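Each chain is listed here by its residues.
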Amino acid sequence: MTTERLPWIAEDPASLRLLELAPKVAAAPTTLLITGESGTGKDHLARLIHELGPRRDAPYLKIDCASLPPQLVESELFGHERGAFTGAVERKLGRLELGGNGTIVLDEVAALSPNAQSKLLRVLQERAFERLGGTGTLHLEARIIALTNVDLPAAVKAGSFREDLYFRLNVVTLTVPPLRERRADILPLAEHLLVALRSAHGRPRAQLSDAARRMLAAYAWPGNVRELRNALERAVVFSGVDRGTTPADADVLEPENFPETVRAAAPGAASPVAGLRSLEDAEREVIAATLEATHYQISRSAEILGISRKTLLEKRKKYGLK
Ligand SMILES: Nc1ncnc2c1ncn2[C@@H]1O[C@H](COP(=O)(O)OP(=O)(O)OP(=O)(O)O)[C@@H](O)[C@H]1O
Ligand SMILES: [Mg+2]
């Protein structure tokens, strides 16, 4: 399932639920917090919410709180007057001002310095701020979306994040689940990501082999969607090396074209922890093997596995099996 403007691939119930919430959240002006592990799609969801809402034609500005030095974060956010600090040779408008009626995304909000945290708190409380070195009070019209892959309640406990700011940000929170908790998304996402990679690499016919699909669906993806994208890109690049030997119409990505980490986790791959795996992985493997052995006859497979057809179909979808 996708939306018209920005594709948000969702097949798993967990991500379909997010897609269902997105338009409601988009319609409200409330400050939004998006949490989730690295690479799950927090940025992507923030952008989707911007595009689904009434601010879609206003600016969408992002500021990366983790990669900029503290003073630069503040000047990026609030802007500064000429002479506010060494190097401030001209007045500069900050994102809060430039964002107008749009959306301002604070990426990695937990990385804000204590000083920036207290200034942001005031912005959220009073919807007012000043440029650095300035005296005139400006009003915030934009909507703030904060992103984090950090456990903010834990950061509050540890004293690195202000509790009052956390409460202000945590009005509405959306959590993007890790890919391993929405396995039915893996293959649809892979197909979606492949579309862009095909054209970027001039490989219009690149496609996954059945074995590669089984491997991708079985892997845990600790780096989530970003890791999936990188793994696919690597496979596209490496499968191209000896393309001279394959017929022009066959351009198949095989398990061996994928990174070692992904291959090691493939069903049946020898690994130092072979035999030690989760019940889910084992179930997935048994179901995959049964389907294959019966040439994908659902009734026959269900009978052998001792489960109903309905349960088998659900599990087949959950594990992204053919
Ligand atoms: N549901 C989805 N549909 C389509 N593309 C997606 C989806 N989720 C993530 N992506 C793509 O995966 C990549 C990683 O997503 P994104 O940058 O939003 O992750 P993130 O959670 O912000 O990661 P980080 O914490 O590392 O900043 C992007 O290229 C994004 O477009
Ligand atoms: Mg991000």
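Every chain is numbered on its own, with residues counted from 1 as its sequence reads. Numbering of ligands from 1 and lettering of chains from A proceed in the order in which they are written. The predicted origin of the model limits local features to residues at a pLDDT of at least 70 and limits the giving and counting of side-chain atom pairs to 80 or more, whereas totals for whole chains, interfaces and linings rest on all residues. To obtain the side-chain values, all non-hydrogen atoms of the structure were used and water was disregarded.

A.B. asks: Would you mind showing me how to read the domain arrangement of the protein here?
C.D. replies: Much of the literature gives interface size as the accessible area that the parts lose upon coming together. Segmentation into domains, and thus their bounds, comes from an automatic or database assignment. Partitioning the protein into domains gives domain 1 (13-177) and domain 2 (183-318). A separation of 37 Å is found between the C-alpha centroids of domain 1 and domain 2. Pairs of residues are marked as contacts when any of their non-hydrogen atoms sit within 4.5 Å. Contact residues are listed per partner, giving 5 residues for domain 1 and 6 residues for domain 2. Together domain 1 and domain 2 conceal approximately 440 Å² of surface at their shared face, both sides included; 33% is due to carbon and sulfur atoms. Here, a salt bridge means any side-chain nitrogen of Lys or Arg that lies within 4 Å of a carboxyl oxygen of Asp or Glu. Taken together, the connections running from domain 1 to domain 2 amount to 0 salt bridges. Two parts placed together each lose some accessible area; with a 1.4 Å probe, that loss summed over both constitutes the buried area.

A.B. asks: Is there a simple way to explain the layout of surface pockets in this structure?
C.D. replies: To find the voids left in a structure, one rolls a probe of water-molecule size over its atoms. For cavity detection a 1 Å grid was placed over the protein atoms alone, and a set of points counts as a cavity when a 1.4 Å probe fits there but cannot get out; an open set counts as a pocket when protein lies on both sides within 12 Å along at least five of seven lines, with lining residues being those that have an atom within 4 Å of a point. Grid points are joined across faces, edges and corners, and a volume is the space filled by probe spheres set on the points. Taken as a whole, the largest pocket holds about 480 Å³ of empty space. Every residue lining the largest pocket is counted, 21 residues in all, and those nearest its centre are G39, T40, G41, H44 and V225. A run of H or I in DSSP counts as a helix once it spans at least four residues, and a run of E counts as a strand once it spans at least two, with each numbered from the N terminus. Only α2 (42-52), α8 (186-200) and α10 (224-239) provide two or more residues apiece to the lining of the largest pocket. For this classification, the nonpolar set comprises Ala, Val, Leu, Ile, Met, Phe, Trp, Tyr, Cys and Pro, the charged set comprises Asp, Glu, Lys and Arg, and every other residue, Gly included, is treated as polar. Looking at the lining of the largest pocket, its residues break down into 7 nonpolar, 7 polar and 7 charged. Each of domain 1 (13-177) and domain 2 (183-318) gives at least three residues to the lining of the largest pocket.

A.B. asks: Quick question: what am I supposed to make of the site of ligand 1 here?
C.D. replies: Only a single heavy atom is needed: when it lies within 4 Å of a molecule or strand, its residue is near that molecule or strand. Around ligand 1, a shell composed of 16 residues is seen, among which G39, K42, D43, H44 and R226 lie nearest. Side-chain atoms alone can form a polar contact between residues adjacent in sequence; in general such a contact is a pair of N or O atoms within 3.5 Å, and within protein one must be able to donate a hydrogen while the other accepts it. One of the side-chain N or O atoms of K42 is found 2.7 Å from an oxygen atom in ligand 1. The fraction of the free accessible surface of ligand 1 (630 Å²) that becomes covered by protein chains is 85%. The cavity that encloses ligand 1 is the largest pocket. When residues of the shell around ligand 1 are traced back to their parent elements, those giving at least two are α2, α8 and α10. Among the elements that line the shell around ligand 1, the one with the most residues is α2, at 3 residues. By residue class, the composition of the shell around ligand 1 is 5 nonpolar, 7 polar and 4 charged. Taken domain by domain, the makeup of the shell around ligand 1 includes at least three residues from each of domain 1 (13-177) and domain 2 (183-318). A 1.4 Å probe and the Shrake-Rupley method give the accessible areas. Residues count as covered only by the protein chains that appear here. Molecules are considered to sit inside a cavity or pocket once more than half of their atoms lie within 2 Å of its grid points.

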